[in-house]
Amino acid sequence: MSYKERLTILHESEINDLYGVPSLSLEEKRVSFALNDLEQDVIKSIRDRNHKCYAIVLLGYFKIKPIQLNLTYKVLQADLAFIADEYFSKFKAPRFSVSRMQKTRIYDKILNLQGFKKWDAEQHQKPLITYLQQVAKSWIEPRFLFDSCTEYLARNHIAIPRYSVLQRIISQVIKQERKRISDTLKITISDELTANLADLVDGESPLTIKELKQAAKSFNGSELEKELNVNKLIQPWMNEVNQVVPALSLSQQNQLHYATMVDYYSITKLKRFDRGTQQLYLLCYLQERAQINIERLADGFIYHLRKLREKAKTYAKEMAYKDWEGAAANVSKAAELLYFFIDATIDDQVSFKQIKQRVKSLLGEREIESLCLYLKKQKRTKDDYIWEYYDQHENLIEQLIRPLFLCLTFEGSDNTQALAAQLGAMQSEWLESGELASSDRRLIPTKHQLYVIDTDNNVIFKRYEMLLYLSAQTKLNGQLFIPTAIKYRALHDDLVGDIPWEEKDKLLKDSLLDSMNTESAQLIKSMEQAMRDKLQRVSQRIDEGDNRNVILRNRSGKTQWRLPYSGTKTALNNPFFDRMKSINVADVLRFVHQETGFLKHFEHVRQVRSGQNNHLNDLLAAIIGNGTYYGLHGMASISDRSYDHLRTVQANYLRPETLNLGNDAINDATAKLAIFRHYNIQEGLIHASADGQKFESRLETFKTRYSSKYFGTNKGLTSMNLIANHVALNARIIGSNEHESHFILDLLHNNTSEIKPDILSTDTHGVNHVNFALLDLFGYTFAPRYAQFGTVISDLFNVNEGKDNKVTLSLKKPINTALIIDEWDTIQRIVISLQQKTITQATLVRKLSGYSQNHPLLKALTEYNRMLKAMYLLDYIDDASLRTYVQRALNRGEAYHQLRRAIAHVNGNRFRGKSDDEIVLWNECARLLTNAIIYFNSLILTRLLEHFEAEGDDKKSEIIKQVSPVAWHNINLNGTYSFSFEKNPLDLDEIMQSIVQNDN
């Protein structure tokens, strides 16, 4: 296989970076080329001084990246001159050459010094391939395999071989993995399913790919009808599909990748693949589509029942007032009703039926009933109206809620076994006979018996059905389960399985988490001691007057807390940036790409690497169009790009994973700038914040919700953002009804950039009963800011004064450490499951919330959380600096939100995505725009800092260190756009010169 025929894994620039000379600053050279005693002895053993310099250079490079480089004198000249000056005074290395044999001997010495082995295909290739075959089951993407390959070599102290060697090995591994899948398919798939999948591709099946792709976009009845239709068509296939796919041993990531191929390819292009590839793609797609289908049906079932319940309560309130008001107005007509009894004009022979008809002409039956109750000073109960409302909406039950219910499977917990059994019986009866015949009266609460059981002691089945639906809706919070829906299945099903957990010790060791590799009793004991020390220290400092201003007594003698704070807001759009000429955002992104190469991470969905860049202009246009809420149509109308090209590029290159990689590339480049370390709030620590930002949505989706506070009468959603040192490390779209605290660990855990936060701050919305515990178990420090701090402190601590007037702080309720230790095995299992992503924090917290307060696991986590919370609050009381750090971190998050809002404001400040997936795409594009602007501003600040430091102007250097990069007055976000990489790029030196001149 020639070089050109091999799989392309790295871009040319990446190959040059890996196999070329490292670019080192003066300080980095001093560190990299420093020699210890042993290394000096080895260098001394080389006789030729030129070769000594050469050996020191290669040794320094090898420490940076363990590769045997083949370099010419020209590329080494600068570093050779540095080493000659550093180690051999008055010696200037002349131009010289090194023979192959001498170079081999030098590298043998280097390998020996570093404890590395030279790459030997006979010895090392087979174990590497075996390792990569296991990795490929996790993720078959070539770049991931390449990174895994270099990690394996470094871990086993083997020098990285030539790029062509790794190309060949990775190509072989991918080919073997695909063959393994193909062979497994041939063994496991039945002839019937093979024929069905072939008919599906050929268009001869009752189920079509077009129908499968018609997914619901919201909870509207017409949209859910699409999911009901898919469920009807897909279910006969799923028993075998669910047996075949697990047999393929695919990771979740690989399975999702193969499934997306069906979305990407048209049916015409899908037909061009061989049958084995078609089967793989379709099987993965069917399982993924079935999972989405069940979750959407379950969400729809819960959504419509919750709305029905809410509307029934509103109806009850309105009708109760209306009836009472109407009865009061009809009091005068009571006399006319009574007059019927003494009206002489009415013949005694007139039937009572005729009398009733005359009465109804005066007042309706409902009005008479309300009037009678009013006269008796009675009212209809709230439940009367509620059940009346349910009766009025039988059509909703029959046409939507019941069909949704029949698609779901229910399992009960200890407290809901009877309910699950009755729901199953009810499904069977509807499917078999079309009517209900059985009931379990234990499931009818006393207060509802009057409405569900008639006067003849018979169950009113229509109302009984409604009652069971409402019961199921309220219990699907962790007490009742839908085993086929990840979101609604039991917590145990989400955790690491019983068989893998038999290797618990290995899993804990591989986690690399200190909390998981410390004996529970030892860990808790050390925490208890730390708690006692903090209580004593804080009490002593308050008593000695060092911290007396945090505690006050009012006139009644009641303890009150106060925490003086003198924080400063993060300055936005520093006047410094106003000195710059406004630059078009398209030019900024072009420049940022040239500096960071972030567009190279937008891989084609088919992982084809053509090496061509003719799509980059359209890619930039699509990113800006989505990020500014213009959309592709809008961007095409105000730029030199066509809609068809933009649509094609978006389909091929814009996905959440590629956008995340692009964001990471920009953020990692920002972190390497000299200014970045001056963004640190605390020395040597990354202090991040997480907060939600609300955005209105033009169209309804599954996640959009009403919120009068934020959206008025419209719907919207929330973008949860993780901000550290001004950059947005991660973001996630959630419903505006979802609690922000359920997602902060997921944001941290799914941060794939090189910027790793140590501390996380949130406002009160980020706090719940387990977040201190979860973040601590993963090695993070949780540092929230409480809105009602005094109340939080008072709820947790007692403040006592002894006879000697000494202040003593103590917990109001001791920590039950024994319970934590008893449940430690389950806590460990939860942590490993979160780490391996078999469950998310949001799912975990939602399921824990369904447990009773006395559940041992919930109590154990709550106690662990309470201990950490108490220790944090003691630090917060005692340390004014900590309070300032927390506030500064949150201010930075707020500053990012204002920049993000400015970008959204370009075209209406409303998401226009037609689905949740499209909104996620737009949100990630907007995050990339903000990160690119922050990188651009940070680069300017870095150049200025270097300029002033070189001039020895300490005063201006300190000013630059304090300037926030969150600014957009220097960026033109509006107007028409022109995209051309052929145009002259921005000249940063020219920009710098204008700023420095203005400064002078």
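These numbers come from a predicted model, not from an experiment.

Calculation rules
- Residues numbered from 1 in each chain as written.
- Predicted model: local features only at pLDDT ≥ 70, side-chain atom pairs only at ≥ 80, totals over all residues.
- Heavy atoms only, no water.
- Helix = DSSP H or I, 4+ residues; strand = E, 2+ residues; numbered from the N terminus.
- Salt bridge = Lys/Arg side-chain N within 4 Å of Asp/Glu carboxyl O.
- Buried < 20%, exposed > 50% of the residue type's maximum accessible area, 1.4 Å probe, protein only.
- Axes fitted to C-alpha atoms, helices over the stretch in contact; angles between N-to-C directions.
- Left-handed = near helix turned anticlockwise from the far one by under 90°.
- Contact = heavy atoms within 4.5 Å.
- Nonpolar A, V, L, I, M, F, W, Y, C, P; charged D, E, K, R; others polar.
- UniProt positions renumbered as here; feature names shortened; annotations may be inferred.
- pLDDT = per-residue confidence, 0-100.
- Pairing = 2+ DSSP bridges.
- 1 Å grid on protein atoms, 1.4 Å probe; cavity = no way out; pocket = protein on both sides within 12 Å on 5 of 7 lines; lining within 4 Å.
- Points joined across faces, edges and corners; volume = space filled by probe spheres on them.
- Polar contact = N/O pair within 3.5 Å; in protein donor to acceptor, adjacent residues only side chain to side chain.

(A) Structural detail: unusual backbone geometry. In this model, Asn 457 sits at a positive phi of 65°, which is unusual for a non-glycine residue. Here Asn 457 is to be found in the loop between helix H22 (446-452) and helix H23 (461-475).

(B) Fine view of the pattern of salt bridges. The full count for this structure, using the stated rule, is 36 salt bridges. Here Lys 694 makes a salt bridge to Glu 740, at a shortest N to O gap of 3.5 Å. Taken together, the residues span a long stretch of sequence, with Lys 694 in strand E6 (residues 687-697) and Glu 740 in the loop between strand E9 (727-735) and helix H35 (744-749) at a distance of 46 residues. Like Lys 694, the residue Glu 740 is buried in the burial classification. Between Arg 927 and Glu 924 there is a salt bridge, and its shortest N-O distance comes to 2.8 Å. With Arg 927 and Glu 924 both in helix H43 (residues 916-951), this residue pair falls three residues apart, about one helical turn. Assessed through its relative accessible area of 7%, Glu 924 is described here as buried. Members of the salt-bridge network, linked through shared partners, are Lys 534, Arg 537, Arg 541, Asp 875 and Asp 878.

(C) Geometry of the packing of helix H12 (residues 221-247) against helix H20 (residues 394-406). In the contact formed by H12 and H20, the axes pass within 11 Å of each other and the chain directions differ by 35°. Crossing handedness for the pair H12 and H20: left-handed. Residues Gly 221, Leu 224, Glu 225 and Leu 228 of H12 pack against Gln 399, Leu 400, Pro 403 and Leu 404 of H20. Of the residues contributing to the contact of H12 with H20, the split by class is five nonpolar, two polar and one charged.

(D) Looking closely at the UniProt feature "domain: DUF4158" (unreviewed entry) in the chain. Mapped onto the present numbering, the UniProt feature "domain: DUF4158" (unreviewed entry) falls on residues 9-173. Regarding residues 9-173, the helix share stands at 68% and the strand share at 0%, and the terminal C-alpha atoms are separated by 13 Å.

(E) Representation of the confidence of the model for the chain within the structure. When the pLDDT values of the chain are averaged, the result is 86; 94% of them are 70 or greater. Note that pLDDT drops below 50 for residues 1-5; the model gives that stretch five contacts with residues more than four away or on any other chain.

(F) Molecular detail of the pairing of strand E8 (residues 715-724). Summarising burial for E8: ten of the ten residues are buried, a large majority. Burial of the side chains of E8 extends over both faces: Lys 715, Leu 717, Ser 719, Asn 721 and Ile 723 are buried on one face and Gly 716, Thr 718, Met 720, Leu 722 and Ala 724 on the other. Direction of pairing for strand E7 (residues 705-706) relative to E8: antiparallel, over a ladder of two bridges. Looking at E8, one finds that Tyr 706 is bridged to Lys 715. Both E8 and E9 contribute to a ladder of eight bridges, which runs antiparallel. Paired with Met 720 across the bridge in E9 is Arg 732. The antiparallel hairpin formed by E8 and E9 contains two residues in its connecting segment, where Asn 725 sits at a positive phi of about 50°.

(G) Examining the layout of surface pockets more closely. Here the second largest pocket defines a volume of roughly 770 Å³. Every residue lining the second largest pocket is counted, 25 residues in all, and those nearest its centre are His 769, Leu 858, Thr 862, Glu 863 and Arg 866. When residues of the lining of the second largest pocket are traced back to their parent elements, those giving at least two are helix H37 (789-796), helix H40 (841-849) and helix H41 (856-878).

(H) Inspection of the side chain of His 604 at higher detail. Take His 604: it is sitting in the loop between helix H29 (585-596) and helix H30 (616-627). A polar contact of 3.4 Å, which involves the side chain of His 604, links it to the side chain of Tyr 264. Among all residues touching His 604, those that are not within four sequence positions of it are Tyr 264, Asn 652, Tyr 653 and Arg 655.

(I) Region of the structure containing empty space enclosed by the protein. For the structure shown, the criterion picks out five cavities of 30 Å³ or more. Volume-wise, the largest cavity comes out at about 120 Å³. Considering the residues around the largest cavity, the lining is formed by Tyr 390, Asp 391, Glu 394, Ile 397, Glu 398, Arg 402, Lys 462, Arg 463, Glu 465 and Met 466. Residue assignment for the lining of the largest cavity shows that the elements contributing at least two residues are helix H19 (382-392), H20 and H23. Taken together, the residues of the lining of the largest cavity break down into three nonpolar, no polar and seven charged.

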